[in-house]
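One-letter residues, chain by chain:
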Amino acid sequence: MDAVVYIGHGSRIIEGNKQFIAFIEEAKKEINIPVQEIAFLELASPSIDETMEKVIRAGARDILVVPVLLFSAAHFKRDIPEELLAVKERFPEVRFSVSKPFDVHPKMMNLVRKRIYEKGWDHDGVILLVGRGSSDPEPIGKLKRISEHIQKQLACSVYPAFLTAGKPDFDEELQMLQLAYNKIYIVPYLLFTGRLLKRIESKIENSDKEVIVCQPLKYDHLMKEVLLERMEEQFMSLTI
């Protein structure tokens, strides 16, 4: 393997991009490959095309692509493959290998519980687990699976909701829970600070109930361990 390219989503909010870069800098320390670069799908630079051209012109021919994504949806299934195909048309001698997203993993569920306990959770409320959402049913189903696991682990009610696409809708679910409960913990199942987190925060400003917004996943060390596992899985698949 000549190079690793880590691909983040990208955000208009600079802090979110800085969080991604800081996370990757920590992960890079664990990987014994000299050329490791980042790229963004959208809203930030450098682009996938720019980074790939940089590492290829520096001599890389066998490149591990690491999508730093929660689930396998349109970005993973369509956008990244299309970008890589366009690069390969220009540099046909280059080989790409792509690791899997974080997906459903015990350490990701441990991270959700960590975020809840950071806010003083003592089985004294209800939990709303909020994902970005997708037109693809796969990430919708997987966030619901995670919410079911958390519900069993904490022995409390956990409701999933989605911000952009997918049911139940975040706004509707929050309204319903505010009618039924006096204390609600919202866990943003999001990678970094961004506009979606700001939207969650704006929805609770005038609530007459106790609504506590936990930190997003925010590239914790548990997430780094999952990322390294996904990379190792891909390394192992290449040696079989």
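Thresholds, definitions, all that
Residues numbered from 1 in each chain as written. Predicted model: local features only at pLDDT ≥ 70, side-chain atom pairs only at ≥ 80, totals over all residues. Heavy atoms only, no water. Helix = DSSP H or I, 4+ residues; strand = E, 2+ residues; numbered from the N terminus. Buried < 20%, exposed > 50% of the residue type's maximum accessible area, 1.4 Å probe, protein only. Contact = heavy atoms within 4.5 Å. Domains from an automatic or database assignment. Buried area = accessible area lost by both parts, 1.4 Å probe. Salt bridge = Lys/Arg side-chain N within 4 Å of Asp/Glu carboxyl O. Polar contact = N/O pair within 3.5 Å; in protein donor to acceptor, adjacent residues only side chain to side chain. Nonpolar A, V, L, I, M, F, W, Y, C, P; charged D, E, K, R; others polar.

(A) Looking closely at the side chain of Asp103. Position of Asp103 relative to the elements: it lies in the loop between β4 (95–98) and α4 (106–118). For Asp103, a relative accessible area of 17% gives the class buried. Other than its neighbours up to four places away in sequence, Asp103 contacts Leu70, Phe71, Met108, Glu138, Lys142, Tyr189 and Arg230.

(B) A look at the domain arrangement of the protein. Entries for the protein in the domain assignment read domain 1 (3–101) and domain 2 (106–213). Centre-to-centre, using C-alpha coordinates, domain 1 lies 29 Å away from domain 2. On the domain 2 side, the residues contacting the 15 residues of domain 1 number 17 residues. In total, domain 1 and domain 2 occlude about 1,300 Å² of area from one another, counting both sides; carbon and sulfur atoms represent 67% of this. Contact with domain 2 buries surface across domain 1, with Ile13, Leu70 and Phe71 losing the most and accounting together for 43% of the total. On the surface where domain 1 and domain 2 come into contact, there are 2 salt bridges. The interface formed by domain 1 and domain 2 includes 2 residue pairs in polar contact (both at pLDDT 80 or more). For the side of domain 1 that touches domain 2, the per-class residue count stands at 6 nonpolar, 6 polar and 3 charged.

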